[in-house]
Amino acid sequence: MKKLFVLLALGFGLIQSCSKKNCSNAICTEQYAMLLVKLSSNSNPNLSEIRTESILLKNNVVLARDSSKNAFQGQYFELATDSHLKVFGYNSSNTIIFKVYNADSLIYQGNYIVTTDCCHIDLKEGKMSVEL
């Protein structure tokens, strides 16, 4: 019975630590969240000369810049990662503007809502696959 009580107390403590505004006591998993947008194009299948920018709307901070040369598997471009948690703020909701350029022309712009807890980011709203 003592073991059950200890386990319940630990479980409750873990839940509480992640729901508080103060994240200093949060116990996080080692999972690393990364939000990637898949781009595709019939007219430019190798996405040459494509570059992207992710901009945090509340303060115009550029979170990521990517090009077709650096894109994951040539199609996946970074929107945001857990490394941006401090920029977003813990337990918050943020708007990111994702821009896609071909050469120097803006060809796509989308708004994405990203939420955070004490440990990770999560996509709340936005298209994760975009046909250019």
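Residues numbered from 1 in each chain as written. Predicted model: local features only at pLDDT ≥ 70, side-chain atom pairs only at ≥ 80, totals over all residues. Heavy atoms only, no water.

Caption draft 1: Up close: the packing of aromatic side chains. In the structure shown here, the tally under the stated rule is 2 aromatic pairs. Cation over ring: Arg51 sits above Tyr101, and NZ or CZ is 4.2 Å from the ring centre. (Phe/Tyr/Trp six-rings, centres within 6.5 Å; stacked < 30°, edge-to-face > 60°. Lys NZ or Arg CZ within 6 Å of the ring centre and 35° of its normal.)

Caption draft 2: Structural context of the pairing of strand S6 (residues 105-116). Of the pairings in the sheet, the one linking strand S5 (residues 93-102) to S6 comprises 10 bridges and is antiparallel in character. Within S6, the position partnered with Val100 by the bridge is Tyr108. Hairpin connection between S5 and S6: a loop of 2 residues separates the two successive antiparallel strands, and Ala103 in this loop has a positive phi of roughly 60 degrees. Examined bridge by bridge, S6 and strand S7 (residues 121-125) share 4 bridges and lie antiparallel to one another. Pairing of Thr115 across the sheet is with Asp122, part of S7. Counted along the chain from S6 to the antiparallel partner S7, the turn is 4 residues long. (Pairing = 2+ DSSP bridges. Helix = DSSP H or I, 4+ residues; strand = E, 2+ residues; numbered from the N terminus.)

Caption draft 3: Spotlight on the sheet that holds strand S4 (residues 76-81). A sheet is described by the order of its strands in space; here 3 strands give the open sequence S4-S1-S8, paired in mixed fashion. The outermost strands of the open sheet, each flanked by one partner alone, are S4 and strand S8 (129-131). Neighbouring strand axes in the sheet, compared pairwise and without regard to direction, differ in orientation by 25 degrees on average. The sheet contact formed by strand S1 (residues 34-40) and S4 spans 5 bridges and is antiparallel. What sits directly across from Leu35, in S4, is Ala80. (Axes fitted to C-alpha atoms, helices over the stretch in contact; angles between N-to-C directions.)

Caption draft 4: Seen up close, the state of the cysteines. Per the counting criterion, the structure on display carries 2 disulfides. Paired through a disulfide, Cys23 and Cys118 show a sulfur-sulfur distance of 2.1 Å. Between Cys23 and Cys118, the S-S dihedral sits near -70 degrees, and the bridge is therefore left-handed. Taken together, the residues Cys23 in the loop between helix H1 (2-19) and S1 and Cys118 in the loop between S6 and S7 connect sequence positions 95 residues apart. Taking the relative accessible area as the measure of exposure, Cys23 reaches 14% and is therefore buried. One disulfide bridge connects Cys28 with Cys119, the sulfur atoms lying 1.9 Å from each other. Because the torsion about its S-S bond is -75 degrees, the bridge between Cys28 and Cys119 counts as left-handed. (Disulfide = S-S within 2.5 Å. Buried < 20%, exposed > 50% of the residue type's maximum accessible area, 1.4 Å probe, protein only.)

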